[in-house]
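Examination of the molecular architecture
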Amino acid sequence: AEAAAPRRIKALDPDVVNKIAAGEIIVAPVHALKELIENAVDAGSTSLEILVKEGGLKLLQITDNGHGINKEDLPILCERFTTSKLKSFEDLTSIGTYGFRGEALASISHIAHLTVTTKTKDSSVAYKAHYNSGALVPAKPGQSADPKPTAGRPGTQITVEDLFYNVPTRRRAFRSPSEEYNKILDVVGRYAVHCEGVAFSCKKHGESSTTISTQSSATTIDRIRQIHGSAVANELIQFESADRTFHFKAQGWTTNANYHVKKMTLLLFINHRSVDSSNIRKAIEQTYSAFLPKGGHPFTYLSLEIDPECVDVNVHPTKREVNFLREDEITEMICNDIRNKLASVDKSRTFMTQT
Ligand code: ADP
Ligand code: MG
């Protein structure tokens, strides 16, 4: 039999393309929140307040006191690939800020109801704007879509409502709002430890007390104590290493041999972005195996700064995996430093118990 005539090839509707792209960047509410936290930090904020309803599926709101957004930029704010942080492809290699491709807000606007209220220091009023599928939309049908002047403090408030309202299969995949809330607390907690000088609060809508609350003046140890408890905070040792030839700087806090738990906690930041690296995790675990009883694991907060030219951040929009040059050598140097610190603390401990 003769094969049937091929079907004609057609371009997908841009709206469908955008919805697909959005779903790749934002798989769960926590991914939207991470982008919003990074934007707020990029904007120079010293205070971030986060409000969450139904694990972020009903409401995600983040209020910052950063530099705000110019009124003139509001019409294109949520278009794909609009950014104030990158101009050329070359900029990708020297970028110091978190965001780099102007996709976060665009994505969110395709799969949620997005409202932005923002005030710059030079403006006498704040402006409130509503977005859908990349564009400004009216608050109510029949009204103008133009941003409306409103009262407000300097900074930006982003409100994300009904995430995945138009992606029913994804929406249905979330069985437990509290599971999503725990993922949110995990990410907020990571940034709250890492961002010195920035106050964080996170709470569930309708509850009077905050689940996370750190002052802007809190030290890193204070932050770890508030989020991970005194059992961890009381047993921390500081480490720091740097190397000119490998262009890196590493610093952090890690637990001594007095502390061990069933599962390792690793707060890893590479160039101030929360990431995970199974290589680094394994290497640190390996380092501790000489100091901890079998099955015992440490808590480690590690902030690694690498010459941006050596980091490949352009891997995937989710940006959770960061690759960098000389990963093995750099990891080994960090672990050597940790090993030396652990050994010297261990020695003084033995010495003290002997005398
Ligand atoms: P990117 O962060 O990659 O530039 P986003 O879609 O996350 O892309 O944000 C687009 C732009 O919106 C940013 O470049 C920034 O200029 C502006 N913006 C977003 N959030 C904030 C905020 N909280 N404060 C000030 N400006 C913001
Ligand atoms: Mg961004």
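The rules we used
- Residues take numbers from 1 onward in each chain, read along the sequence in its written order.
- For naming, the first written chain is A and the first written ligand is 1, with later ones following in the order written.
- In view of the model being predicted, local features appear only for residues whose pLDDT reaches at least 70, and side-chain atom pairs are presented and counted only at 80 or more, with totals across whole chains, interfaces and linings using the full set of residues.
- For the purposes of this entry, the term helix denotes a DSSP run of H or I that reaches at least four residues, the term strand denotes a run of E that reaches at least two, and both are numbered from the N terminus.
- In this scheme every C-beta is placed from the backbone, and a residue whose C-beta has 20 or more other C-beta atoms within 10 Å is buried, one with 12 or fewer is exposed, and one in between is partly exposed.
- By the convention adopted here, residues make contact when the C-beta atoms placed from their backbones lie within 7 Å.
- Strand pairing is assigned whenever DSSP identifies at least 2 bridges connecting the two strands.
- Structural elements are reduced to axes, namely lines fitted to C-alpha atoms, with helices fitted over the stretch in contact, and the angle between N-to-C directions of any two is expressed from 0 to 180 degrees.
- Throughout this description, any angle smaller than 35 degrees is read as roughly parallel, any larger than 145 degrees as roughly antiparallel, any in the 65 to 115 degree range as roughly perpendicular, and the remainder as oblique.
- Definitions for this section: a left-handed crossing has its near helix turned counterclockwise from the far helix by less than a right angle. A right-handed crossing has that turn clockwise.
- On a range of 0 to 100, pLDDT expresses the predictor's confidence in each residue.

1. Quick look at the overall build of the protein chain
Along the protein chain, the regular secondary structure elements total 9 helices and 16 strands. Classification of the 355 residues of the protein chain by burial places 36% in the buried group. For the protein chain, the share of sequence-separated contacts (at least 6 apart) that also reach a separation of at least 24 residues comes to 66%.

2. Description of the pairing of strand β10 (residues 236-243)
Judged from the 8 bridges that link them, β10 and strand β11 (residues 248-255) form a sheet pairing that is antiparallel. Looking at the pairing, L236 lines up with T255 of β11. Taking the residues between adjacent antiparallel strands as the criterion, β10 and β11 are bridged by 4 residues, where H247 takes a positive phi near 50°.

3. A few points about the packing of helix α5 (residues 177-194) against helix α6 (residues 220-228)
Between α5 and α6, the least distance of the axes is 8 Å, while the angle of their chain directions is 160°. Relative to α6, α5 is oriented roughly antiparallel. Of the residues in α6, those in contact with G189, A192 and V193 of α5 are T220, R223, I224 and I227.

4. Some words on the environment of T159
Residue placement: T159 occurs in strand β7 (residues 155-161). For T159, a count of 18 C-beta atoms within 10 Å translates into the label partly exposed. The spacing of T159 and Y181 is 22 residues in sequence and 16 Å in space, taken between C-alpha atoms. Here T159 is in contact with Q61 and T115, once residues within four sequence places are set aside.

5. Some words on the packing of helix α1 (residues 14-25) against helix α3 (residues 104-111)
Helix-helix packing is described using two parameters, namely the angle between the two axes and the distance between the axes. Relative orientation of the contacting elements α1 and α3 amounts to 110°, with a least axis distance of 8 Å. Between α1 and α3, the interaxial angle falls into the category roughly perpendicular. Crossing geometry of α1 relative to α3 is assigned as left-handed. For the pair α1 and α3, the contacting residues are N18, K19, A21, A22, G23 and I25 in the first and S107, H110 and I111 in the second.

6. Section: the sheet that holds β10
Sheet strands pair via backbone hydrogen bonds, and the direction of the pair is either parallel or antiparallel. A sheet is described by the order of its strands in space; here 5 strands give the open sequence β10-β11-β14-β12-β13, paired in mixed fashion. The sheet terminates laterally at β10 and β13 (273-274), the two strands that pair on one side only. α5 contacts β12 (265-270), β13 and β14 (299-306) of the sheet and is inclined by roughly 65° relative to β12.

7. Details of the environment of D15
Looking at where D15 falls in the secondary structure, it is placed in helix α1. Put simply, D15 and H110 are 95 residues apart on the chain and 8.1 Å apart in space, counted from C-alpha to C-alpha.

8. Considerations on unusual backbone geometry
In this structure, H247 is a non-glycine residue whose phi angle is positive, near 50°. By the element assignment, H247 lies in the loop between β10 and β11. Overall, H247 belongs to the partly exposed group, with 18 C-beta atoms counted inside 10 Å. One non-glycine residue, N271, lies in positive phi territory at about 50°. Here N271 is to be found in the loop between β12 and β13.

9. Structural notes on the confidence of the model for the protein chain
Of the residues in the protein chain, 89% reach a pLDDT of 70 or more, and the chain-wide mean stands at 89. Reported confidence for the predicted complex is 0.98 by ipTM and 0.91 by pTM.

10. Comments concerning the pairing of β12
Most of β12 is tucked away: 5 of the 6 residues are buried. Here β12 runs beside β14; their pairing, made up of 6 bridges, is parallel. Residue pairing across strands places L266 opposite T300, the latter belonging to β14. By the bridge criterion, 2 bridges tie β12 to β13 in an arrangement that is antiparallel. Paired with F269 across the bridge in β13 is S274. Between β12 and β13, which pair antiparallel in sequence order, lie 2 residues; one of them, N271, sits at a positive phi of approximately 50°.

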